[in-house]
Amino acid sequence: MERVVARSREPPGDDPVLTAVLARPDDIDGWRTVARRLAAGGVAGDTIVWQVGDTATDLLGGDVLPPGDAPMFTVPKEFLAVASRVICNRDAERFALLYTALTTLRTRPKLLDDPADPLVRRLYDLDKGVRRDVHKMRAFVRFRDVPDPEGERFAAWFEPEHHIVRLNAGFFARRFANMRWSILTPDECVHWDGELSFTPGATRADAPDGDALEETWRTYFASIFNPARLKVKAMTAEMPKKYWRNLPEASLVPGLIAGAAERTRMMIDAGDKAGMSNAAVQAGAGAWVRTGDGGPADALAELRDDAAQCKRCPLYGPATQTVFGEGPADAQLVFVGEQPGDNEDLAGRPFIGPAGQLFDRALAAAGIDRTRAYVTNAVKHFKFEQRGKRRIHSKPDTSEIDACRWWVDHERAAIRPAVTVALGATAARSLTGKAVTISRERGRPLTLADGSEAWITVHPSFLLRIEDKAAAALEFDRFVADLVAVRERLAALAGAG
Amino acid sequence: MSHLDTRAKLAILADAAKYDASCASSGTVKRTSIGGKGIGSTEGSGICHSYAPDGRCISLLKILLTNSCIFDCHYCINRKSSNVRRARFTVDEVVRLTLSFYKRNYIEGLFLSSGIIGTPDYTMEQLVRVAKELRTVHDFRGYIHLKTIPDADPALIEQAGLYADRLSINVELPTETGLNKLAPEKSAGRIRTAMRELKAGIDDNRDARAKYRSAPRFAPAGQSTQMIVGADAATDSDVVASASALYSKFGLRRVYYSAFSPIPDASAVLPLVRPPLMREHRLYQADWLVRFYGFAPSEVQDATDGGGMLPLDIDPKTAWALKHRDDFPVDINRAPREMLLRIPGMGVKTVNSVLRARRQRRLRLDDLGRLTRSIERLRPFVVAADWRPLALAESAVLRRTLVKPERSQLELF
């Protein structure tokens, strides 16, 4: 497979540059064969260009392979073991570094016994990177079932850092010997059906996009987490964020962190014991166990599934996911916000970032139980401008609000709340279909086109933007007062009904 | 109890199991599913398939069979008088959940524990049935850890050992006084007896296998235990003493420490404070010093303050070094392995690399820098070919320079 040929170009020195071609980026056998001949022929490392793949077309000149009967020589076993992993590293210098080590070994056979030597250190670091990647792949591959008339079959999508698919295939074969499975990656795919086979790289779209059991796994992840001990750095050190997008449980993390302090407080609170246990159970399981009563809950669930595919406006492109509303299907109270922010976009849940936390405080101050209200947004995708690494919130325009209004209307139609509260001008526009001045309309009920009742107040993020502390406190109180008025109105409506 | 589906039960029974710190899936025999009928393998080191925001790894499906319990231990969320929701898995549900999680590569295996229902024997029998079904009906070759019930019939424990990789009995609290106060129905004596029997079983099996290679394996990953730290008055010194007794008497593979965690619907006897997580971390470091760094338990205790507590701002090895400044600096080119292991900031791997490299040539400071993560921490304590600290190890300010500045708040994202 490998060829060694000379280029016509002349290097600055006297020797011609040799191009060594390897079949694959992790082609240890090819590298070994070529490197052995070159080293035996005394070819200096800096005159070799290592290339992967068939690049014969842009090569000129003929073979300059050193004679095939070049003397064989031996290297320590450890070098071959290390080299077989280092070659999988994505570092472009790996072939050259290994070649330098190989030629050095001929004069210094004990090279590897000096881990403090810069070259050895470098190789060991490359080795370590590969071994870590191998370990993480074993940990973070998530199989999803693939419908197949012949019986159970699984496939996973994984994005390894290095070229480790072949190196790692044996592990999965030994573990899942009696299962049919495939692991798809951008570089190369591996399949097992009693024997291993490899195919070229694939895309995420080629892999299944879900598995019915993932909700159960997410329930487990959320329930095994102990909110009384938050060690976020310990988690991200071992489960770096780059792996998160392929882990079904990872989207729960921001929400779990945001809710941890509150849940711990509830545990410690010595007050209402029965209430506390209920709260603990809710916190552990409530958020994603559907009530499943066949009525509004099913309608909402269906809406949510459809909204996940929404392309009614261009915002779906850059956003991570649709952030649909959340809360019980029989809620008497619906809150409509503006649009998801950075946190919400990543977690897929509304009102969990800084504004959401302020919202929670205001609700608590007003005596409203958020878990009994349905909370959603006028626009379901995060609109932002990228500035460096940060994503800066950008206000949705009327065409986007109107496009997304379809979802808000259906959510409200399914739930049929007694009162809907618009948080901010965007929400007010979505509900009423026209521009609304909040200061003029807040604090009193309005009747919407469908005959239902709406209240308008500010968006919590408005409070976050007020810099003067006293003014902010004042506005917070006004916000709470609006919420109290809503709570009282709900009680009155319930009494009347 | 209303009818709960498997997922609702899982929410309750995983929530109830999370106070058990152990999640190890390592140290058992090597197995693969090649040539078998089922799935599963164990290849030495364990794999953590996920991490929760509490920093703990998720390696095994860690659940209780039921969180109903006839005992009333104050520290336990599942005690009889607690007001938590109760649930119970069937054997079949646990088996199916384990297999379907394993097939999707979520877990390394199962860690099954249970509240005591009916009698200890009945409860143990249920746990064993799960393991037996996984192994014999489904030929499952992944990892199984069973919690054993101290009062159960030894014949049941013996069966458990045939199917499980690891068995464990929790000593619960570092001292007998603590146990009597917080777990009045549990007896330190009975727990010790059960651990001794387990050790005998494991030892007998080793002998049997030395004679007959076909003898069935008994708990090849040994036994472990857990103690809760911070629920009673025991000091770190007490904890270290208790752990070292457990290691030496019962041949334990691991002693887990669990910083006492405020639990919902807590008993009035307990302190309701957030757990000192750093204390738990320091105790694990102390545990490592004894198991891998050649420290005697008394030397670790020597690193504690007047009240028997390990310092929270520096690790126990550094604390020990600061109390024994005469032993430093250590010459990395000449000192024996035992002494290299005592250098603060120098791990076992670095020590091994130093020993290997110095056979080739005399090591300089930048050589050491390539072998360790932070040369700055080591400098005051080492002598190299081109480096000798300026009496830094004696300097009064040394302690301050070794303390990492406290982060005021965790970052949210």
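Just so it is clear, the model here is predicted, and its values are computed rather than measured.

1. Some details on the overall build of chain B
The number of helices and strands found in chain B is 15 helices and 10 strands. The C-alpha radius of gyration of chain B comes to 24 Å, within 12% of the 22 Å expected for a compact globule of 413 residues. C-alpha extents for chain B along the principal axes are approximately 70 × 55 × 45 Å. In chain B, buried positions account for 50% of the 413 residues. Excluding contacts between residues fewer than 6 apart, the proportion of contacts in chain B whose partners are at least 24 apart in sequence is 67%.

2. Points about the overall build of chain A
Looking only at helices and strands, chain A features 17 helices and 15 strands. Partitioning the intrachain contacts of chain A with sequence separation of at least 6 by distance along the chain shows that 70% fall at a separation of at least 24.

3. A word on the sheet that holds strand S5 (residues 143–147) of chain B
Residues and elements named next belong to chain B. The parallel open sheet is built from six strands, whose spatial order is S3-S4-S5-S6-S7-S8. Two strands bound the open sheet, and with one partner strand each, they are strand S3 (60–64) and strand S8 (254–259). Here the strands of the sheet are splayed against their neighbours by 20° on average, with no regard to which way each runs. When S3 meets strand S4 (residues 109–113), the two strands line up parallel, connected through five bridges. Residue pairing for S4: Leu60 is matched across the bridge by Gly109.

4. Here we look at the interface of chain B and chain A
Counting residues at the interface gives 60 residues for chain B, matched by 60 residues for chain A. Those elements that provide at least two residues to the side of chain B that touches chain A are helix H1 (6–15), strand S1 (50–51), strand S2 (57–58), helix H2 (91–103), helix H12 (348–357) and helix H13 (365–371) of chain B. Take the side of chain B that touches chain A: its biggest share by element is six residues, from H1 of chain B. Here the side of chain B that touches chain A is composed, by residue class, of 29 nonpolar, 15 polar and 16 charged.

5. Structural notes on the packing of helix H3 (residues 120–137) of chain B against helix H4 (residues 154–163) of chain B
Axes are the key here: two packed helices are described by the angle between their axes and the distance separating the axes. All names here are of chain B. Look at H3 against H4: their axes get within 9 Å of each other, and the N-to-C directions meet at 25°. Classed by the angle they form, the pair H3 and H4 counts as roughly parallel. Once H3 is placed against H4, the crossing between them reads as left-handed. Counting all contacts with H3, which are made through Asp121, Met124, Glu125, Leu127, Val128, Ala131, Lys132 and Arg135, the residues of H4 involved are Leu156, Gln159, Ala160 and Tyr163. For the contact of H3 with H4, the class distribution of residues is seven nonpolar, one polar and four charged.

6. Looking at the nonpolar core
Buried together is how nonpolar side chains tend to be arranged in soluble globular proteins. Core analysis: the largest hydrophobic core is formed by 231 residues, its most contacted members being Leu13 and Ala131 of chain B. Setting aside residues up to four positions removed in sequence, Leu13 of chain B forms contacts with Ile63, Leu64, Asn67, Ala87 and Phe89 of chain B.

7. Looking at the pairing of strand S5 (residues 153–157) of chain A
The two faces of a sheet get side chains in turn, since along a regular strand they alternate between them. All names here are of chain A. In terms of burial, S5 is a largely internal element, four of the five residues being buried. Note that strand S4 (residues 144–145) and S5 share two bridges and pair antiparallel. From the neighbouring strand, Asp145 faces S5, where its bridge partner is Phe154. As defined by bridge partners, S5 adjoins strand S6 (residues 180–184) across five bridges and the pair is classed as parallel. Among the inter-strand pairings, Phe154 is bridged to a residue of S6, identified as Trp181. A crossover connection joins S5 to the parallel S6 through helix H5 (residues 165–175); in handedness this β-α-β unit is right-handed.

8. Topic: the sheet that holds strand S15 (residues 453–457) of chain A
In a beta sheet, neighbouring strands are held together by backbone hydrogen bonds and run either parallel or antiparallel to one another. Residues and elements named next belong to chain A. One open sheet accounts for five strands, arranged S10-S9-S13-S15-S14; its pairing is mixed. The open sheet has two edge strands with one neighbour each: strand S10 (374–377) and strand S14 (446–447). Taken together, the four bridges between strand S9 (residues 333–337) and strand S13 (residues 419–423) define a ladder with parallel strand orientation. Residue Val334 lies in a different strand from S13, and its bridge partner there is Thr420. Contacts between helix H14 (residues 425–432) and the sheet are confined to S9, S13 and S15, with S13 contributing the most and set at about 135° to the helix.

9. Focus: the domain arrangement of chain B
Taken domain by domain, chain B consists of domain 1 (6–226) and domain 2 (324–402). Here domain 1 of chain B and domain 2 of chain B have C-alpha centroids that lie 42 Å from each other.

10. Concerning the confidence of the model for chain B
Residues and elements named next belong to chain B. For chain B, per-residue confidence averages 88 on the pLDDT scale, and 91% of positions sit at 70 or higher. Here residues 406–413 is modelled with pLDDT under 50, and outside its nearest four sequence neighbours on either side it reaches six contacts, counting other chains as well. Note on the complex model: pTM 0.72, ipTM 0.90.

11. Observations concerning the packing of helix H2 (residues 77–86) of chain A against helix H4 (residues 118–140) of chain A
Residues and elements named next belong to chain A. Between H2 and H4, the shortest axis-to-axis distance is 8 Å and the interhelical angle comes to 60°. Looking at the two axes, H2 sits oblique to H4. Viewed along their axes, H2 and H4 form a crossing whose handedness is left-handed. Here Val82, Arg85 and Val86 of H2 come into contact with H4, specifically with Leu123, Leu126, Asp127, Val130 and Arg131. Here the contact of H2 with H4 is composed, by residue class, of five nonpolar, no polar and three charged.

12. Details of the pairing of strand S7 (residues 188–192) of chain A
Residue and element names in this part refer to chain A. Of the pairings in the sheet, the one linking S6 to S7 comprises three bridges and is antiparallel in character. Bridging across to S7, Trp181 finds its partner in Trp192. Hairpin connection, S6 to S7: the antiparallel pair is bridged by three residues. Note: S7 against strand S8 (residues 196–200), five bridges, orientation antiparallel. If you follow His191 over to S8, its bridge partner there is Ser197. Connecting S7 to the antiparallel partner S8 that follows it, the hairpin turn spans three residues, and Gly194 within it adopts a positive phi of roughly 95°.

13. Brief notes about unusual backbone geometry
All names here are of chain B. Residue Phe328 is joined to Pro329 through a cis peptide bond whose omega torsion reads 0°. One non-glycine residue with positive phi stands out, namely Glu172, at about 70°. Take Glu172: it is sitting in the loop between strand S6 (166–168) and helix H5 (176–182). Classification of Glu172 by C-beta neighbours within 10 Å gives buried; the count is 22. Positive phi outside glycine occurs at Ala219, with the angle close to 40°. With respect to the element layout, Ala219 can be found in the loop between helix H6 (188–211) and strand S7 (223–229).

14. Focus on the confidence of the model for chain A
All names here are of chain A. Averaged over all residues, the pLDDT of chain A equals 84, while 87% of them reach at least 70. Model confidence for chain A, summarised as mean pLDDT per element, is weakest for helix H9 (residues 273–285) at 33 and strongest for S6 at 98. In the model, residues 1–11 has pLDDT below 50 throughout and makes 39 contacts with residues more than four positions away in sequence or in other chains. Within the model, pLDDT remains below 50 along residues 57–64, and this stretch shows 17 contacts once partners closer than five positions in the same chain are excluded.

What counts, and at which threshold
Residues numbered from 1 in each chain as written. Chains lettered and ligands numbered in written order. Predicted model: local features only at pLDDT ≥ 70, side-chain atom pairs only at ≥ 80, totals over all residues. Helix = DSSP H or I, 4+ residues; strand = E, 2+ residues; numbered from the N terminus. Rg over C-alpha atoms; globule rule 2.2 N^0.38 Å. Buried ≥ 20, exposed ≤ 12 C-beta atoms within 10 Å, placed from the backbone. Contact = placed C-beta atoms within 7 Å. Pairing = 2+ DSSP bridges. Axes fitted to C-alpha atoms, helices over the stretch in contact; angles between N-to-C directions. Nonpolar A, V, L, I, M, F, W, Y, C, P; charged D, E, K, R; others polar. Parallel < 35°, antiparallel > 145°, perpendicular 65-115°, else oblique. Left-handed = near helix turned anticlockwise from the far one by under 90°. Core = buried A, V, L, I, M, F, W, Y, C linked by C-beta atoms within 7 Å. Right-handed = clockwise from strand over helix to strand, strands pointing away. Domains from an automatic or database assignment. pLDDT = per-residue confidence, 0-100.

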